[in-house]
Structures are given as C-alpha cells and as structure tokens.
Amino acid sequence: MASVTFEHVYKRFGDVIAVNDLNIQIADKEFLVLVGPSGCGKTTALRCLAGLEEISDGKIMIGDRIVNDVAPKDRDIAMVFQSYALYPHMSVYDNMAFGLKLRKVPKDEIKKRVEFAATTLGIEALLDRKPRQLSGGQRQRVAVGRAIVREPKVFLFDEPLSNLDAKLRVETRANISKLHQQLQTTFIYVTHDQVEAMTMATRIAVINKGLLQQIDTPQTLYDHPDNLFVAGFIGSPSMNFFKVKLVRGDGKLFIDGGSFKVEVPPERMDTYMKYDGKSAIMGIRPENIHDPHYLPTGIFPQPVDGKVEVTELMGNEIFLHVTSGEHFFVARVDPRTKVSMGDETHVMFNMHNMHLFDTETELAIR
C-alpha cells in the first residue's frame, strides 16, 4: 500500500499547459476522485502518475519514492482504462493472467490470484469465455480483475464506466466502492460525472483548465464550495446563479435581484455588510427552493414569484423550471406540488443555504 504525492507538477504540450502547478497529497488507502469537465487535465494528471506521460516540471512520489524517471512497469500501479482493452482471442482467465505470465509468476500463484479476483468481482463463471461473449459490464469487471491480480500499491481508473448504460453504471460504481473496502488499497479515479465523484470518493479534487480548484470531502465541497466553478459543478441539478445587488433597509440587509428581493439571514449580515451597495452573484441549490405549502422546519424562507416554463415529474420529486424577470432557475419541490406549465408560481428560497460570490474574483464570500 502507498500514498501518492503531486508536488508542483506541470505538464505542457507546446504552449498549452494541461496540468498547472498541481499539488495533491493522497493518503494510503484513500479513494480520491479527480473530477472536472472534458479537457480540464484530469486524465493527463493520471497518465503522468502512471508514467504514460512525462511531466514537464515538479515531482511525483509513490510512497517515499520519486517516480519521475521510473518506467511505468516498475511503478507498482495498475490502470483500468475507459476502453476495456481485452485480447479478443484469449479467454477471460488468460486476459486476467497475461500480465502475471509475462512477469514469470508461478502458475499456482497465478491461479490463486485470478480465482480470488474473479470471486471478488462475481465473474468466476465467466473464466472460460471470450470477450465477445460478455456484456459491457462483464468486460469492465474483467478489466478491473486484470488490475486486481497484479496486487499493485495504487489502482488508477480512467473513466471506467463511461461506456456503460445508466443502470449498469450505478451497479458498477457500487461494486468499485465495495472493492475499495475489500482491498484496502489506494484508489485514484478520474471522471467528468460529479454524481460518480460524490457517491464514491473519500475526497474529491475538482480541476478546471489544468488548475486544482478545491480538494475536500464530497459533503464539504457540496456545502462550502470555494468558488463559482466548484459550486456550479458539484450537485445535480446544478446550483442556480443570480446577478444581484446587496442593499440595506430598516436595519436589515437584502439581496435585490430586480424581479425579487430577499432578506439575508441576521447571522450572515456581518459577513456580507461590506458588500452593501455592491453587485454580487447569489447561488442557491434547487433543493433549497420549496413549495410554500410543504416547507420543511428550521429554514429561513423568502418568497420569490415566477412563471413555470417546464415541469419534470421524477416520482419522488418534481423539477420546476421557472423564470422570474430576467432570471431562470430550477426548483426541486415536493411531489405533491400542484403546478402546470405556464402557471404563475410562488416559491420559497431557504436563505440559510444561500451562497454569495464576488463578481470579479468568483470566490465565495464567507
């Protein structure tokens, strides 16, 4: 088992900086997810760790060993790719055993490791089949099994679920989480799907344009995003944003969005008072916008009027797509809510869970 450290790591492709001064310390046995939009540099960072890309500057360590100049095969890592990359002419058993055979591992040891991996992944009945006889989910498990048999210090996953259908993705991500608990090894997982990141990770590193934006536990990223990008990227549906102005009146502080005016909770007035008379960006998640008939207790509700453009019935909840003046937002309301497309509506913002961001720096105001 091993920790992993990125220390001031850069990766340049000509004038393009794909990874920009990356600093991350990943603890032994941790499940870290690198998440961000396509092209943000997360896969490049993973490939640098694997030795498939040479870093331009900085230092990468696995345990106490600097691996900048160590060949990929000697880094004691195993990587699961987006494409399964199975040998079509080999059986499942031979696909999983192939790397061990190249390393001249004794046959009895190979058999033991392959059978353990197959049992762990529930594919012991498939060992004699060829890849063409397997479903996408089964092929993915074989690819994971091929990594397990190597008994590496670190597992690397590069968007391994992107080729699976929605139901299978849910099942497989649960299996990977269980696998992490069983193997007690360091997992580093790359995805652009923030739902995968939230449900699987011990910690999440959010990357955008090669820069690390924030690294923390899933709940902390959700509750306390450092900036506008993290706030909008984490959460599904994503956070609603409004260009607003802060104004004082009657000893209170208000957020004026033009078509609505909502009060700032008293306990936050001191924090936001320096923005009195200034513009800011307010953020609020869809689940913090409520039907006034079904308000939860212990919130600080403020009314906002709008028009329902679209309703999406999800069974256990309803998504309302609402316009209010020049603003557009999504509300995640109680399934008993009785509204239809085109209706004028009245919703409540829970201002306890509102976020405010500086318009220039896009940093959270705290």
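Keep in mind the model is a prediction, meaning the values are calculated, not measured.

Caption draft 1: How the structure looks around helix H4 (residues 136-148). Taking 1.5 Å of rise per residue, the 13 residues of H4 would be expected to cover 18 Å, and the 19 Å separating its terminal C-alpha atoms lies within 8% of that figure. Gly137, Gln138, Gln140, Val142, Ala143, Val144, Gly145, Ala147 and Ile148 are the residues of H4 that are buried. Looking at the buried residues of H4, the elements they touch are strand S6 (77-80), helix H2 (92-102), helix H3 (107-121), strand S7 (154-158) and helix H5 (166-183).

Caption draft 2: Just the confidence of the model for the protein, in detail. Overall, the prediction assigns the protein a mean pLDDT of 93, with 100% of residues at 70 or greater. No element of the protein has a lower mean pLDDT than H5, which averages 87, and none a higher one than strand S14 (residues 279-284), which averages 98.

Caption draft 3: View of the side chain of histidine 321. Its place among the elements puts histidine 321 in strand S17 (residues 318-324). According to the relative accessible area criterion, histidine 321 is buried, its value standing at 18%. Excluding residues within four positions of it along the chain, histidine 321 makes contact with Lys307, Val308, Glu309, Val310, Glu312, Phe328, Phe329 and Val330.

Caption draft 4: How the structure looks around the pairing of strand S9 (residues 203-208). For S9, the tally of buried residues reaches 5 of 6 residues, placing the bulk of the element in the interior. As judged from the 4 bridges shared by strand S3 (residues 31-35) and S9, these two strands associate in the parallel manner. In the strand pairing of S9, leucine 32 is matched with arginine 203. Sheet topology places S9 next to strand S10 (residues 211-216); 5 bridges connect them, and they run antiparallel. Across the sheet, asparagine 208 pairs through a bridge with leucine 211, a residue of S10. Counting the residues in the hairpin turn of S9 and S10 gives 2 residues, including lysine 209, whose phi is positive at 55 degrees.

Caption draft 5: Main features of the sheet that holds strand S1 (residues 4-13). Strands sit in the order S2-S1-S4-S5 across an open sheet of 4 strands; the sheet is antiparallel. The strands lining the two open edges of the sheet, one partner per strand, are strand S2 (16-26) and strand S5 (65-66). Bridge count between S1 and S2: 7 bridges; the pairing is antiparallel. Bridging from a neighbouring strand, threonine 5 pairs with glutamine 25 of S2. In this fold helix H1 (residues 42-50) packs onto S1, S2 and strand S4 (57-62), with an angle of close to 115 degrees to the strand it touches most, S1.

Caption draft 6: View of the pattern of salt bridges. Under the defined criterion, the tally for this structure stands at 14 salt bridges. As a salt-bridge pair, arginine 113 and glutamate 151 come within 3.7 Å of each other at their nearest N and O atoms. Of this pair, arginine 113 sits in helix H3 while glutamate 151 is found in the loop between H4 and S7, placing the two residues 38 residues apart along the sequence. On the basis of relative accessible area, arginine 113 is assigned to the buried category, the value being 16%. One salt bridge connects lysine 252 with glutamate 263, and the closest N-O pair in it is separated by 3.9 Å. Of this pair, lysine 252 sits in strand S12 (residues 252-256) while glutamate 263 sits in strand S13 (residues 261-263); the two residues are 11 residues apart in sequence, bridging distant segments of the chain. Glutamate 263 gets classed as buried once you look at its relative accessible area, which sits at 14%. Here the salt bridges share partners, and the residues they tie into one network are Lys11, Arg47 and Glu53.

Caption draft 7: Representation of the sheet that holds strand S8 (residues 186-191) within the structure. Across the sheet, 6 strands lie side by side as S6-S7-S8-S3-S9-S10; this open sheet has mixed pairing. This sheet does not close on itself; its edge strands, each paired only once, are S6 and S10. Each adjacent strand pair in this sheet contributes to an overall mean axis angle of 15 degrees, direction not counted. Strand direction decides the pairing type here: S6 and S7, joined by 4 bridges, are parallel. The residue bridging alanine 78 from the neighbouring strand is phenylalanine 155, located in S7. The sheet strands contacting H4 are S6 and S7, and the helix crosses S6 at an angle near 175 degrees.

Rules used in this analysis
Residues numbered from 1 in each chain as written. Predicted model: local features only at pLDDT ≥ 70, side-chain atom pairs only at ≥ 80, totals over all residues. Heavy atoms only, no water. Helix = DSSP H or I, 4+ residues; strand = E, 2+ residues; numbered from the N terminus. Expected span 1.5 Å × (residues − 1). Buried < 20%, exposed > 50% of the residue type's maximum accessible area, 1.4 Å probe, protein only. Contact = heavy atoms within 4.5 Å. pLDDT = per-residue confidence, 0-100. Pairing = 2+ DSSP bridges. Axes fitted to C-alpha atoms, helices over the stretch in contact; angles between N-to-C directions. Salt bridge = Lys/Arg side-chain N within 4 Å of Asp/Glu carboxyl O.

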